[in-house]
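Remarks on the overall topology
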Amino acid sequence: MSDVEFSKTTKIYDDGTHALDSLELKINEGEFLALLGPSGCGKSTALRLLAGLEDITSGEIRIGGERVNDLPAGARGLGMVFQSYALYPHMSVRDNLEFGLRRAKGGMRVDEAEIARRVDEATEMLDLGMALGKKPKDLSGGQQQRVAIGRALVRRPKVLLMDEPLSNLDAKLRNRMRFEIRRLHEMHGTTTVYVTHDQIEAMTLADRIAIIADGKLQQHAKPLDAYNQPANSFVGSFLGTPAMNLVEGEAHNGVFRAGDLSFDLPEHLAGWQGPGIFGVRPEDVRIVDSGGTRFRVGGVERLGGEAIYHLEAGGHWIKALWHRSGGGLSSAAEDHAELNVSLAVPTAVIFED
Amino acid sequence: MNGQGIAVRWYVPAEIQVLRVWLPVAALINAFIVGAEVLRAREHGMLLSVAGLAALLLLRALLPDGRLPWKRTAALALAAAGVLAGLWSLFAIELSFFNFWSNTWLVFPAGIALYWLSVGPAASWASGASDSAAAESGLARNKQVLPRLESFGLHTLLLHAIAVVIVPVIWIIDISFSPGNVLGGAIGDAFTLEHYESMLGGSQFWLWTRNSVIVAIGTTIVGLLLAIPAGYAFSRYDFAGRKGSMFVFMLVQMFPGAIILVPYFMVMKTLGLLNTSIGLIIAYSVTALPLCVWMLKGFFDSVPRALEEAALLDGCTQVEVFYRIVLPLSLPAVAMTALFSFLAAWNEFVLALVFNTSNESYTLPVGLASLIPTVGQQWGDFAAASVVVSIPVVIMFIAFQRALIQGLSAGAVKG
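Within each chain, residues carry numbers counting from 1 in the order of the written sequence. Starting at A for chains and at 1 for ligands, labels are handed out in the order in which the entities are written. In keeping with the model being predicted, local features are shown solely for residues with a pLDDT of at least 70 and side-chain atom pairs are shown and tallied solely at 80 or more, while totals for entire chains, interfaces and linings include all residues. Side-chain figures throughout are based on the complete set of non-hydrogen atoms in the structure, without hydrogens or water.

To continue, consider the sheet that holds strand β20 (residues 349-351) of chain A. All names here are of chain A. The sheet built from five strands is open, its strands ordered β13-β12-β11-β14-β20 with antiparallel pairing. The open sheet has two edge strands with one neighbour each: β13 (261-264) and β20. Along the sheet, successive strands turn relative to each other by an average axial angle of 40°, direction set aside. Bridge count for strand β14 (residues 274-280) against β20 is three bridges, and the pairing is antiparallel. Looking across to β20, one finds that phenylalanine 278 is bridged to isoleucine 350. Strands are treated as partners if at least two bridges between them are detected by DSSP. In this text, helices come from DSSP runs of H or I with a minimum length of four residues, and strands from runs of E with a minimum of two, each type numbered from the N-terminal end. The convention used is that axes are lines fitted to C-alpha atoms, helices contributing only their stretch in contact, and that angles between N-to-C directions extend from 0 to 180 degrees.

Structural data, given as structure tokens:
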């Protein structure tokens, strides 16, 4: 069993910062969980608490049902891939891979034949054959990354931890390694906790994502569920590029008012009464022939296959995504044109906060 | 635009630019020569170098500006006068190396100014004949010529700096191979090994060497054993009084050694450690400790924490993390600290002189010094012994050169 459970896990640093506030989170065996949030939100702290690199202030962490609060990092049976890779610079790639296996103590001791077998396996899986005798500094960024993953995997960890592993790679390599990591996960099925601030990584890699802000868990759901039904306005605006349009105002009898702007609510939100934050994704904003609300095109970012329209009405700005294949905004409107825009789409949401 | 192109307004020939910098430098060196001549009490040299100093400064002030042609004429006359005076002086006096060198610092700057101002681009520029085509080709020429002239000037300066360092060394090596116990004489005029034979043949030199080796190696070991854990603790752990104690370490370093001499002596006397190697080892280790700890702390700081965390996750204990990961990565710094401790102990004089009263327990520096004040100073033996004592230091520097450079630049550049 290698599921992970945070219960009421809290971390308060000596200087009084509440890095993590009563985190409740369960990661099932074999699951790929992404901890997603802006920098400084506490996601790395959660990972470091799980790894045993920092002490828990209160609450519990369980791995495979066992409480690990006071277990030293090396005894928790974890593998970790660091943001900086943290390969031992004075050792060859082979020594880096073997290091953890040779340090294993007591019942976890691994014999020579097994060490060789596992290193060979990792070498083959990660295509590191040519690099085994080299020092980390002689490898490319992508190879270093693979060694770091290999070093974590040869230990057959109960849980694989990754701390922003792709952030030091250039965009092209990042996309390739993202695919590799998902492929490896499907091969191994190791329970994985992946920390990132990049929503695309989280959306594409994870079985479920946990969105954290200000040390608190905002939403724990499958990626598309979090995208389609964000739990609050933070999640709504954090997931998706361009970000979800949020308009703060008040709903009354099926009409939403925000200052000078007012528009009809879609049917499923028509019952909402009182203040709220109306949210609609840019790709769902529609142009209509009649009805809707009059918006002015304030500017267009043309990206080739798609374009982002900045629309203004009553002092409020929203974004609309136009896609060449017909998704989103229905036609490519000109700059400074006036459009009838409908926000009353079935995917629109209203948040209380 | 006022009819003159921007090129004309900007253009100053490379030669003039060089003279603007180097005439003051030459004047400064002439000022030093004035001082030297005062010490040597040579009236002739004094007069000449004062005249040279004045001439070079005046020449700098009269350097042409490309607009007033009379300045060029005046500068030419002054430079010619400088050359003539210097040459006359060269013929009038006996030619020792110093005289030759000091005259060169007048003749050469004045001569080169004379040459540059009479022919070539600088001359035509100085007489105000520059038009914009000439200025543009001159700017292009400057790009080629200026780096070469600057590099020549820089190397001249570096040669002087090297000479300052190396002349005493050559001198002492020469004395060690010269017969008799004299300090004067030309370099390489005679050769003998008698001083080396008498030093290396006698027993006291070897006794001092043995003491020095014991003290230096002991200091290195004790110093490292204390400094490595201390540096690591200061680098990695946040304990009460960390900042305070680091500051005190710095503070101790700020006091001149003489202040702690008497308390040290009393402590050593009380403990009965006078005339022993252990006394010196303790004193040296403690004296070198602050610097060693600071150096090592700086290096440990540059070892990323993630490496240690990775090792912890790989199952290392804190102690294993230190000697399997941190220490191997810090070898350059450890080597440098070791070398520093060794040399500090090997060269130290004052403490060794105060703590050791018998010839039996002298270290090499004290032993060497004891050769000087006795009746009939043994300069030759002293020089020979100095050369022998320096050899291990030189060998160590060469051997550790790479590690030293790595150690010194560590922390400055992150790889």
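What follows concerns the domain arrangement of chain A. Residue and element names in this part refer to chain A. Domain delimitation in this document rests on an assignment produced automatically or drawn from a domain database. Taken domain by domain, chain A comprises domain 1 (4-232) and domain 2 (241-351). The C-alpha centroid of domain 2 is placed 39 Å from the C-alpha centroid of domain 1. We call two residues in contact whenever any of their non-hydrogen atoms come within 4.5 Å of each other. The partner domain 2 presents five residues to the five residues of domain 1 that form the contact. Here the buried area means the combined drop in accessible surface, using a 1.4 Å probe, for two parts upon being joined, counting both sides. Here domain 1 meets domain 2 over a buried area of about 490 Å², counting both sides, of which 47% is carbon and sulfur. Broken down residue by residue, the surface that domain 1 buries against domain 2 is led by Gln199, Tyr227 and Pro230, which jointly contribute 74%. Salt-bridge detection follows one rule: a side-chain nitrogen of Lys or Arg within 4 Å of a carboxyl oxygen of Asp or Glu. On the surface where domain 1 and domain 2 come into contact, there are zero salt bridges. Polar contacts here mean pairs of N or O atoms no more than 3.5 Å apart (in protein, one a potential hydrogen donor and the other a potential acceptor; neighbouring residues in sequence count only if both atoms are side-chain atoms). Scanning the region where domain 1 abuts domain 2 turns up three residue pairs in polar contact (both at pLDDT 80 or more). Residue composition of the side of domain 1 that touches domain 2, by class: three nonpolar, two polar and no charged. Charged means Asp, Glu, Lys or Arg here, nonpolar means Ala, Val, Leu, Ile, Met, Phe, Trp, Tyr, Cys or Pro, and polar covers whatever is left, Gly included.

For the rest of this paragraph, the subject is the domain arrangement of chain B. Partitioning chain B into structural domains gives domain 1 (6-173) and domain 2 (194-409). With centres defined by C-alpha atoms, the gap from domain 1 of chain B to domain 2 of chain B works out at 47 Å.

Next up on the list: the packing of aromatic side chains. A pair of aromatic rings is counted whenever rings of Phe, Tyr or Trp (Trp by its six-membered ring) have centres within 6.5 Å, and the orientation is called stacked for planes under 30 degrees apart, edge-to-face for over 60 and tilted otherwise. Enumeration according to the criterion identifies 20 aromatic pairs over all chains in this entry. Ring centres of B:Tyr232 and B:Tyr237 lie 6.2 Å apart, and the angle between their planes is 80°; on these two criteria the pair is classed as edge-to-face. Judged by relative accessible area, B:Tyr237 falls into the partly exposed class, the value being 37%. Aromatic ring contacts, followed pair by pair, group B:Tyr232, B:Tyr237, B:Phe300 and B:Phe322 into a single cluster. The ring centre of A:Tyr227 lies 3.8 Å from the NZ or CZ of A:Arg281, which sits over that ring. Think of it in three bands: residues with accessible area under 20% of the maximum for their type are buried, residues over 50% are exposed, and the middle band is partly exposed, with areas taken using a 1.4 Å probe on protein chains only. Counted as over-ring charges are cases with an Arg CZ or a Lys NZ within 6 Å of the ring centre that also lie within 35 degrees of the ring normal.

Residue and element names in this part refer to chain A. The element strand β7 (residues 159-163) is largely enclosed, with a buried count of five among its five residues. Residue alternation in β7 divides its side chains into two sets, Val159, Leu161 and Asp163 and Leu160 and Met162, and both sets are buried. Sheet topology note: the strand β6 (residues 78-81)/β7 ladder contains four bridges and is parallel. Counterpart to glycine 79 in the pairing with β7 is leucine 160. Bridge count for β7 against strand β8 (residues 191-196) is five bridges, and the pairing is parallel. The residue bridging leucine 161 from the neighbouring strand is valine 193, located in β8.

Now for the nonpolar core. Here, nonpolar core means buried Ala, Val, Leu, Ile, Met, Phe, Trp, Tyr and Cys residues that are tied together by side-chain atoms lying within 4.5 Å of each other. Core analysis: the biggest nonpolar cluster contains 61 residues, and A:Phe6, A:Leu35, A:Leu161 and A:Val193 have the highest contact counts within it. The dominant element in this core, judged by the number of residues it contributes, is helix α12 (residues 277-301) of chain B, at seven residues. Core analysis: the second largest hydrophobic core is formed by 46 residues, A:Leu160, A:Leu173, A:Ala221 and A:Tyr227 among them.

Residue and element names in this part refer to chain A. According to the stated counting rule, one finds 29 salt bridges over all chains in the structure shown. Ionic pairing is found between glutamate 60 and arginine 62, a salt bridge with its closest N-O pair at 3.1 Å. Given the relative accessible area of 27%, arginine 62 is considered partly exposed. A salt bridge links aspartate 207 to arginine 182, with the shortest nitrogen-to-oxygen separation between them at 3.2 Å. Placement of aspartate 207 in the loop between α6 (199-205) and β9 (208-213) and of arginine 182 in helix α5 (residues 171-188) is noted, with a sequence separation of 25 residues between them. For aspartate 207, a relative accessible area of 28% gives the class partly exposed. Arginine 182 sits in the buried class, given a relative accessible area of 19%. Three or more residues joined by partner-sharing salt bridges are found here, namely Glu114, Arg117, Arg118, Glu121 and Arg156.

This paragraph deals with the side chain of A:Thr10. Residues and elements named next belong to chain A. Along the chain, threonine 10 turns up in strand β1 (residues 4-12). By relative accessible area, which is 9% here, threonine 10 ends up buried. Within polar-contact distance, the side chain of threonine 10 engages the backbone nitrogen of serine 22 at 3.0 Å. For threonine 10, the contacting residues outside a window of four places in its chain are Leu20, Asp21, Ser22, Ile56, Thr57 and Ser58.

Residue and element names in this part refer to chain A. Looking at where histidine 188 falls in the secondary structure, it is placed in helix α5. We classify histidine 188 as partly exposed; its relative accessible area is 31%. Separated by 65 residues in the primary sequence, histidine 188 and asparagine 253 have C-alpha atoms spaced 54 Å apart.

A few words on the interface of chain B and chain A. Listed by partner, the interface residues are 15 residues for chain B and 21 residues for chain A. With both sides pooled, the region where chain B packs onto chain A buries about 1,600 Å², and carbon together with sulfur makes up 65% of that total. Sorting the residues of chain B by area buried against chain A places B:Glu309, B:Leu313 and B:Asp314 first, and these three jointly supply 43% of that buried surface. At the surface where chain B touches chain A, the tally comes to three salt bridges. Here A:Arg155 ties to B:Asp314 by a salt bridge, and the two come within 3.8 Å at their closest N and O atoms. Contributions of two or more residues to the side of chain B that touches chain A are made by α13 (305-313) and α14 (318-329) of chain B. In terms of residue count, α13(B) provides more of the side of chain B that touches chain A than any other element does, seven residues in total. Taken together, the residues of the side of chain B that touches chain A sort by class into 10 nonpolar, one polar and four charged.

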